[in-house]
Amino acid sequence: MALVPLQQYEEPGPVELKLGKLVGKRWKIVAKLGEGGCGAVYMAEELRTRKKVALKAESNFVAGGSVLKLEAQILRRLKGRKHVAQLLHAGRKERYCYMVMTLLGDSVERVFRRCSKEFTVSTLTRIGIHVLFGLKQLHEVGYVHRDIKPANLALGKTGKDTKIVHLLDFGLAREFIIVTNGKVEMRRERNNTLFRGTTRYCSINSHNKGEQGRPDDLWAMLYVLAEMRGRLPWHHVQDKKEINKSKQATTDVRLLAKCPIQMLDIANHLRELGYYSRPDYLKIYRVFTNIMNTYSYKFTDPFDWELLEERASSSKSKLASMVSKIRTVEDNSCEKTLDITDEKQLKKWNKPGSLDGTMEDGTVEDEATPFRDEDFSKNELGF
C-alpha cells in the first residue's frame, strides 16, 4: 500500500464532520454548533441512549500542539465535581482528535444580547456566584482559565442545570501547580510572558505581560460583571495599549458605578493579591450573598432572559420594584452620608448583619441554594 504524503492530511481550518457521521462507533453527528481556529463543535447523539452531547473535533496537524488534549486533561481533573461539564469520551483518529462532553445551553453572551445588554442586579449577583464557584473549582485542580468572558460562560441545557452558569473553553488555561521530586508546589512566577486572554476583560497584570494567577481570573470576572450593568469605560477603544491605559485610569468607583456598593469590597480585596496569593473566595461569596439577602433575592428567581419569556406582568412588576431599591456605587458616591472613599465607613456599611435581611454569617436564607459556605472556604490545594 502506497504511503500518503503527510501534507495531504493537513487541514488549515476546523475539521468538517458530515451530519450523520458516526464517530468512535458510538456518537452520531447531528448538527454543527460552531467553530474557531482549528477546532469545531458539534451536537452529537449517543446511539444507545439517544442522549445529546457536545463533540469537539480538532485537526491532528495543528501548529503549536493540541488544545483539545489540554481541555480533556482539565475536564478529567474536574470529573465528579458539581456544576461542571463532564468529559464523556475522548479519542483520536488519523486526521483528527475528538472529545465528547456534556451539552450545555446558551452562552451568557447570547442571553445578554437578548436582554439588550443589561442585566438586573438580581441576575448579575447570581451569575457572579456561579462564575466564582466555577473558577474556584478550576483553581482547586491547579489551573487558571486566562480567558473569562461572556462567550465562555454557558447555562445548563436541561432541568435544574438551566439555572447554573458553567465555565467553558479551557484552550488558554495554564497549570500553576507542578510536582517536583514528589512535592506539590506552585510554578514560579515568570516575567514578560506572552499575552493570553481577551483584551476587553483581561487584568491589567495580563496587559503588562505578568504571570497570570488566580487573582487575574477574578479580575476578568469583575470586568464581565461590571459590563452587565453598563458599558465598560474602554468599550469604544480598539488599541490594546490604550485599553490598558484606560483600565489603569479607571477607579473602582467608576468601574462599578451601576453595581451594588458592596461589590467595591471585591475590588479592594483583589488589589491586595499577587500571583502567589490565594483569593478569599468565601469573602467574595459573602459579598454576593450580602446583596441577595439585602434585596431578598432567591436562587430560584427567574433570570432576566427567563422573564422575557414569561407573560405574567406581576413578575415583571415585582422585579422592577426590587431594582428601584438598589443602592449602587454611583448613588452613594453623591451622598454626603456615606463617603465611599472612607474604608472604615465602607466596611461598616458592608458588615454582615448590618443590612436588612442579612444573616449573621452572611449566608442566604434559601433552601434551594446550590451553594454552601464550605464550597468557597475549603482549600484543597493548600496554596
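Model, not experiment: these values are computed from the prediction.

Trainee: How would you sum up the sheet that holds strand β9 (residues 153-156)? Please name residues and give values.
Mentor: Strand order in the open sheet formed by three strands is β7-β9-β10, and the pairing between neighbours is antiparallel. A strand with exactly one partner marks an edge of an open sheet, and here the two such strands are β7 (104-107) and β10 (165-167). Pairwise comparison of adjacent strand axes, ignoring direction, gives a mean angle of 50° for this sheet. Sheet topology places β7 next to β9; two bridges connect them, and they run antiparallel. Residue pairing across strands places S107 opposite A154, the latter belonging to β9. In the packing of helix α3 (residues 121-140) onto the sheet, the strands contacted are β9 and β10, and the crossing angle to β10 comes to about 30°.

Trainee: Describe a positive patch on the surface, naming the residues involved and giving the relevant values.
Mentor: A surface patch of like charges, here positive, comprises K18, K21, K25 and K93. Turning to its location among the elements, K21 is positioned in the segment before β1 (22-23). Residue classification places K21 among the partly exposed residues on the basis of a relative accessible area of 31%.

Trainee: Before we move on, can you summarise helix α5 (residues 214-227) with the specific residues and values?
Mentor: Compared with an ideal rise of 1.5 Å per residue, which puts 14 residues at 20 Å, α5 spans 21 Å between its outermost C-alpha atoms and is within 8% of the ideal. In terms of burial, α5 is a largely internal element, 14 of the 14 residues being buried.

Trainee: Talk me through the pattern of salt bridges; I want residue IDs and the actual numbers.
Mentor: Taken as a whole, this structure holds 24 salt bridges when the rule is applied. The partner of R174 in a salt bridge is E211, with the nearest N and O atoms 3.5 Å apart. In this pair, R174 is assigned in strand β11 (residues 174-175) and E211 in the loop between α4 (204-207) and α5, connecting sequence segments 37 residues apart. The residue E330 makes a salt bridge to K258 at a minimum N-O spacing of 3.0 Å. In this pair, E330 is assigned in helix α12 (residues 329-333) and K258 in the loop between α7 (252-255) and α8 (264-270), connecting sequence segments 72 residues apart. A residue is classified by how much of its surface remains accessible, and K258, at 39% relative accessible area, is partly exposed.

Trainee: Which residues make up the packing of α3 against helix α9 (residues 281-294), and what values do they have?
Mentor: Packed helix pairs are specified by the crossing angle of their axes together with the interaxial distance, meaning the distance between the axes. Following both chains from N to C, one finds α3 and α9 inclined at 165°, their axes separated by 10 Å at the closest point. Here α3 is positioned roughly antiparallel relative to α9, judged by the angle of their axes. The way α3 lies across α9 gives a crossing that is left-handed. Between α3 and α9, the contacting residues are V121, T125, R126, G128, I129, L132, K136 and H139 on the first element and Y281, I284, Y285, F288, T289, I291 and M292 on the second. Across the contact of α3 with α9, the residue classes break down as nine nonpolar, four polar and two charged.

Trainee: Describe in detail the pairing of strand β6 (residues 96-102), supporting the description with residues and values.
Mentor: Most of β6 sits inside the fold, with six of its seven residues counted as buried. Bridging between strand β4 (residues 52-59) and β6 involves seven bridges; their strand directions are antiparallel. From the neighbouring strand, K56 faces β6, where its bridge partner is M99. Counted between consecutive antiparallel strands, the loop separating strand β5 (residues 87-92) from β6 contains three residues.

Parameters and conventions
Residues numbered from 1 in each chain as written. Predicted model: local features only at pLDDT ≥ 70, side-chain atom pairs only at ≥ 80, totals over all residues. Heavy atoms only, no water. Pairing = 2+ DSSP bridges. Helix = DSSP H or I, 4+ residues; strand = E, 2+ residues; numbered from the N terminus. Axes fitted to C-alpha atoms, helices over the stretch in contact; angles between N-to-C directions. Contact = heavy atoms within 4.5 Å. Patch = residues over 30% accessible without salt bridge, like charges linked within 9 Å, V, L, I, M, F, W, Y side chains within 5 Å. Areas by Shrake-Rupley, 256 points an atom, 1.4 Å probe, with all protein chains shown as cover. Salt bridge = Lys/Arg side-chain N within 4 Å of Asp/Glu carboxyl O. Lys, Arg positive; Asp, Glu negative; His and termini not counted. Charge placed at Lys NZ, Arg CZ, Asp CG, Glu CD. Buried < 20%, exposed > 50% of the residue type's maximum accessible area, 1.4 Å probe, protein only. Expected span 1.5 Å × (residues − 1). Parallel < 35°, antiparallel > 145°, perpendicular 65-115°, else oblique. Left-handed = near helix turned anticlockwise from the far one by under 90°. Nonpolar A, V, L, I, M, F, W, Y, C, P; charged D, E, K, R; others polar.

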